[in-house]
Each structure stands twice: as C-alpha cells, then as structure tokens.
Amino acid sequence: MAPRERDEAEERERCITGIDGLDNILNGGIPRGNTVLITGSVGTGKTSLCLEFLVHGAIAGENSLYVSVTENSDKLLTNIIPYDFFDRKLIKEGRLVFIDLPVIYDKLGLEKLEFEFEEVNILITAIGNIVDELKIKRLVIDSITSVCYRLKTQENIRDFILKLGAMLSSRGCTSLLVSEISPAEERYSHYGVEEAIADGVVVTGNLERRGDLLRTLQVVKMRGTMHSRAKYVLDLTAVGVLLVPLLKGGSVASAGG
Amino acid sequence: MAVTTEVSEKLRALPEAAAVALRMKAEHYFDVIRAMLDVFATKKSLDSIYVTSTIPSTSIINALDVLEIPLDHIWFVDCISQIMMSAGQKHGHAIYVESPTMLENIMLKVEYLIRRTADRKNLVIIDSINSLAIHNNTKILSEFLHILVNNLRAKEAYTIIFSMEEYETEEIRNMLNLVSDETLQVEGEA
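Parameters at a glance
- Residues numbered from 1 in each chain as written.
- Chains lettered and ligands numbered in written order.
- Predicted model: local features only at pLDDT ≥ 70, side-chain atom pairs only at ≥ 80, totals over all residues.
- Heavy atoms only, no water.
- Phe/Tyr/Trp six-rings, centres within 6.5 Å; stacked < 30°, edge-to-face > 60°.
- Helix = DSSP H or I, 4+ residues; strand = E, 2+ residues; numbered from the N terminus.
- Buried < 20%, exposed > 50% of the residue type's maximum accessible area, 1.4 Å probe, protein only.
- Contact = heavy atoms within 4.5 Å.
- Buried area = accessible area lost by both parts, 1.4 Å probe.
- Salt bridge = Lys/Arg side-chain N within 4 Å of Asp/Glu carboxyl O.
- Polar contact = N/O pair within 3.5 Å; in protein donor to acceptor, adjacent residues only side chain to side chain.
- Nonpolar A, V, L, I, M, F, W, Y, C, P; charged D, E, K, R; others polar.
- Pairing = 2+ DSSP bridges.
- Axes fitted to C-alpha atoms, helices over the stretch in contact; angles between N-to-C directions.
- Parallel < 35°, antiparallel > 145°, perpendicular 65-115°, else oblique.
- Left-handed = near helix turned anticlockwise from the far one by under 90°.
- Arc of directions from axis to C-beta.
- Expected span 1.5 Å × (residues − 1).

Draft legend 1. Structural context of the packing of aromatic side chains. With the rule as written, the count across this model stands at eight aromatic pairs over all chains. Summarising the aromatic geometry, the rings of Tyr-66 of chain A and Phe-98 of chain A are spaced 5.5 Å apart at their centres and angled 40 degrees between planes, so their arrangement reads as tilted. Taken as a pair, Tyr-66 of chain A in strand β4 (residues 63-68) and Phe-98 of chain A in strand β5 (residues 96-100) lie far apart in primary sequence, 32 residues in all. Look at Tyr-66 of chain A and you get buried, because its relative accessible area is 1%. Residues Phe-40 of chain B and Tyr-158 of chain B carry aromatic rings whose centres are separated by 5.2 Å and whose planes lie at 85 degrees to one another, so their mutual orientation is edge-to-face.

Laid out in structure tokens, this is it:
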C-alpha cells in the first residue's frame, strides 16, 4: 500500500466539535474516542468551550453528558441560554444531560474525602454505566482537578485517568476533562500527570500585550491527527466560541498565557 | 453630491469581493460614507460592518440620522469609544472593542457580525488605516490587514479601507498596496 493510501486508511473518524476555528486547528475535529485535557486558569473560557462542544454534539444527534463537580448544573444552564443555537428541547429529549458528581458520590456511598483504589474503580464503573445507559458519545467532566483532589497520590490519579480514558474510548465516547491551573503554573495540569496521560491537551490562557488582556487557545497535543500548535485569540459570543490567529507583530510579551 | 456619485460609481465598477483602499481628503469624509452606505450597499443589498477607530460610532450614527440613512443593515465595531472613557450610551447597532490596539478582537467582532448577518453579503469598512496606525506599529497592522482582508475575501465580502491623504505616510501607502486589489482616489469636484 502506498504511504498516502495507508494514511487515508488509517485516518481516524473525527468528532466534529462544531467550533469552526477549533475544528480547523484540529484538521477536522477531535479523533473520536480521545480523552482531551482542557486546561487553563480561571476566566479563560474552558467551561464555555466544553458546553459548546456538548450542545453541538446534541444538535448533531450525539447524546452528550456534562458532569459537574463543583458548580450546580442549574446555575450552569443559565450560562448556555445566551447561545443562539441552544434549544432547551435538547435537554428535554435527553440528548444533553447534566449530572452533578456529588449526587453520584451520594448514591454510591462514596463519602470519604480520600479515595483509594477501590473507590476509583467504583466511580469509573458508575460513569461507564451512565455512558452505556444514556448512549453518551460526548462527555465533559468539569473539573477533573476537583475529582483528583480526592485521589491524593499521583499513582491513583494516573490510574483513574488511564482507566477512565480507556473505558470511554472503548465506547467511542469523546471526552473533555477540564483542568484548572493557576496562571503561574508552568505545567499544563495541577498534578502534572493528567497532561501526560490524556490523548490531547488544549490550553486556554490570558495573554497581556501592552496592557491589553487577550483570551488565548493553543492545542499543544492531540494524538491521532495533525494539528496547528499556534496560539489563537478567542472570543465567547452568542454564536459560540470564535477564534482568530494571534498576531505576532514583533511586539508580543507573554504573561500567564 | 458630486463626490457621492463619483465614489458610488467607482465602487459599482468593482469586481465581487474586492478589497479596496479608498484615498480621500478629510473634507469628503461624509460624502464618501453616504456613497458607500446609502448608495452602494443599498443597491447591492449588502449588510455593512463599519469598523471605526477614527470617531465614535455615535457620531457617525448621528450623521447618518441627519443624512436620513436608515441603520437597519449597518453595524458598527467601535474601537474608540471605550478608550475615550466617555460615558456615552451604548447603541444597539454597535459592539465595542476596548482599544484600537486589540486588533484580534476587531477581527473577532467582524466575524461575529458576519455570522449574525449570514443571509446577506457584507461590506466591511475600515475607518481608517491612519487612525489604526496611531495605535499600532506597521508590522502588526500589516499582519492584521493581511489576515482580515484574505478572510473577508474568502467570505465574499467587500473590504474598503479608508486612508486620509493628509495623514498618509509612505509606510501606509505600501501597506495598502500590499493588501488591496485596487486603490480608488476620491477626486472631488474639479
């Protein structure tokens, strides 16, 4: 088989995010089944990006699940109402589902503040059951940092993300895991292991240029596809996340981006 | 009126989705605006996106009101009102960029308005290259225009970049030559 033919044969099916700029950066979308870390400091657009990914999925007929760890789902819903393309019917018809993780903890009797190996397995099995039952094809956990907080050791965190990723990938479910980092952190995740295990890493940030603060996005890793590694400026609008290339102009000074 | 006729006729002779540098004297400013927004855009059924970094959008809106030009298909990206720290009222047909130095945000707002007016083709006016050059160095401004113009061309939008003769430099002329398909000179009455 000629190399080009082989490339085409090996081309993985894409999960089109519906965010035009991001799909262009990713050469057509996220390879289906990938587990992608969406990482950045507060106010950089992580949650908006994830919500839009799910809403577009639900519109395209892919059942989508948002697992909220820290914020109440009802409060989150108020944030997606301004989207022109959002329709509450998606929720009523079960194509877009919101679940609060603390509710799952309660149902599973996971009351300990510190999870061991056994609890990690119980949690992953529970998420797997929900994915199967609701036929979920897109999943967001916001945030994985808050889940990892209970896992304490790097071994447990590695084990959790590896098992979670494998479980979701085997079901053809493309997932975004939100990771919170402080602007000063030089790595892409709070515990330092999430970025190595995830199939992809998308970094959102703030970039200060001559007193102006720009929201930025950069795909630093994505297995299974060629992609741009350049930095883009993003805007959160009623028509969704918009992206344009960051202008260089020979005068850029980075600060926390 | 002669300037309005001259400019609207020159614009109508342009190919589809052209990018044009429009060189004019400051005295012809409002006649040129009338030619573009009232005559050219109306005849071509275009939605106009007016990027202003020269004067606040409210000043242009007031002028349009005097000229009896309806705002229905005109939208503003105002890059100057916020930097002036004026407590002026926000207008429903204007969206605001904090500063003319936030060139990426100008591109994003233009993109946003193009998506919102998706049922009609667009005319995008940059008013003006001279005022943008006050706030930005030539390198970044050239990069901005290059990306913006090519993006608009791909979307089949017309781009018109104002340049005031009185404030034109050699660098600005070179920049405009690089990014635009044509340069139109507003002669005015002989």
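Draft legend 2. Local environment of unusual backbone geometry. Cis geometry marks the peptide bond from Asp-142 of chain A to Ser-143 of chain A, where omega comes out at 10 degrees. Notably, Lys-135 of chain A is not glycine yet its phi reads approximately 55 degrees, a positive angle. You can see Lys-135 of chain A is positioned in the loop between α7 (117-134) and β6 (136-142). Look at Lys-135 of chain A and you get exposed, because its relative accessible area is 60%. You will see that Glu-68 of chain B, though not glycine, has its phi angle at about 60 degrees, which is positive. Tracing the sequence through the fold places Glu-68 of chain B in the loop between α3 (57-66) and β3 (74-78).

Draft legend 3. Structural view of the interface of chain A and chain B. On the side of chain B, 21 residues touch chain A, which itself brings 22 residues to the contact. Regarding the contact of chain A and chain B, the summed buried area is about 1900 Å², with carbon and sulfur atoms giving 60% of it. Counting across the interface, chain A meets chain B through four salt bridges. A salt bridge links Asp-235 of chain A to Lys-109 of chain B, with the nearest nitrogen and oxygen atoms 2.8 Å apart. The interface formed by chain A and chain B includes eight residue pairs in polar contact (both at pLDDT 80 or more). Contributing elements (two or more residues each) for the side of chain A that touches chain B: β9 (212-222), β10 (231-237) and β11 (240-245) of chain A. In terms of residue class, the side of chain A that touches chain B is built from twelve nonpolar, three polar and seven charged.

Draft legend 4. Expanded view of the pairing of β11 of chain A. Residues and elements named next belong to chain A. Counted residue by residue, β11 has five buried out of six residues, so it is predominantly covered. The pairing of β10 with β11 spans six bridges and is classified as antiparallel. Residue pairing across strands places Thr-237 opposite Gly-240, the latter belonging to β11.

Draft legend 5. A look at the packing of α7 of chain A against helix α9 (residues 154-170) of chain A. Residues and elements named next belong to chain A. As a packed pair, α7 and α9 sit with axes 10 Å apart at the nearest point and diverge in direction by 20 degrees. On the basis of the axis angle, α7 is roughly parallel to α9. In the packing of α7 onto α9, the handedness of the crossing is right-handed. In contact with Phe-117, Val-120, Asn-121, Leu-123, Ile-124, Ile-127, Gly-128 and Val-131 of α7, α9 contributes Asn-156, Asp-159, Phe-160, Lys-163, Leu-164, Met-167 and Leu-168. Taken together, the residues that form the contact of α7 with α9 break down as ten nonpolar, three polar and two charged.

Draft legend 6. Examining the sheet that holds β5 of chain A more closely. Residue and element names in this part refer to chain A. Spatially, β5-β4-β6-β7-β3-β8-β9-β10-β11 is the arrangement adopted by the nine strands of the open sheet, whose pairing is mixed. The open sheet is flanked by β5 and β11, the only strands paired with a single partner. On average, adjacent strands in this sheet sit at an angle of 25 degrees to one another, irrespective of strand direction. Bridging between strand β3 (residues 35-40) and strand β8 (residues 200-209) involves five bridges; their strand directions are parallel. Bridging across to β8, Leu-37 finds its partner in Val-201. In this fold helix α3 (residues 46-59) packs onto β3, β4, β5, β6, β7 (174-180), β8, β9, β10 and β11, with an angle of close to 165 degrees to the strand it touches most, β6.

Draft legend 7. How the structure looks around the side chain of Ser-8 of chain B. Relative to the elements of secondary structure, Ser-8 of chain B occurs in helix α1 (residues 2-12). In contact with Ser-8 of chain B, other than residues within four places in its own chain, are Ala-35 and Val-39 of chain B.

Draft legend 8. Main features of the pattern of salt bridges. Summed over all chains, the structure comprises 26 salt bridges over all chains. Of the charged contacts in the structure, one is a salt bridge between Glu-170 of chain B and Arg-173 of chain B, with a shortest N-O distance of 3.4 Å. Placement of the pair is Glu-170 of chain B and Arg-173 of chain B together in helix α7 (residues 170-179), with a separation of three residues, close to one helical turn. Residue Arg-173 of chain B is classed as partly exposed on the basis of its relative accessible area of 30%. One network of salt bridges, with partners in common, ties together Glu-13, Arg-32, Glu-62 and Arg-138 of chain A.

Draft legend 9. How the structure looks around helix α6 (residues 101-108) of chain A. Residue and element names in this part refer to chain A. When we look at burial in α6, the residues that qualify are Leu-101, Ile-104 and Tyr-105. Taken around the axis of α6, the buried residues stretch over an arc of 105 degrees, which confines them to a single face. Seen from the open side of α6, the exposed residues pointing more than 90 degrees away from its buried face are Asp-106 and Lys-107. Where α6 is buried, its residues contact β4, β5, α7 and α8 (144-148). Immediately beyond the C-terminal end of α6, within one or two residues, lies Gly-109, with a positive phi of roughly 70 degrees.

Draft legend 10. Expanded view of α3 of chain A. Residue and element names in this part refer to chain A. For α3, spanning 14 residues, the distance from its first C-alpha to its last is 20 Å, which sits close to the expected 20 Å at 1.5 Å a residue. With respect to burial, α3 is a largely interior element, eleven of its 14 residues being buried. Within the sequence span of α3, burial applies to Lys-46, Leu-49, Cys-50, Leu-51, Glu-52, Phe-53, Leu-54, Val-55, His-56, Gly-57 and Ala-58. Gly-61 sits one or two residues past α3 and shows a positive phi near 95 degrees.

No statement about biological role is implied by the geometric values presented.
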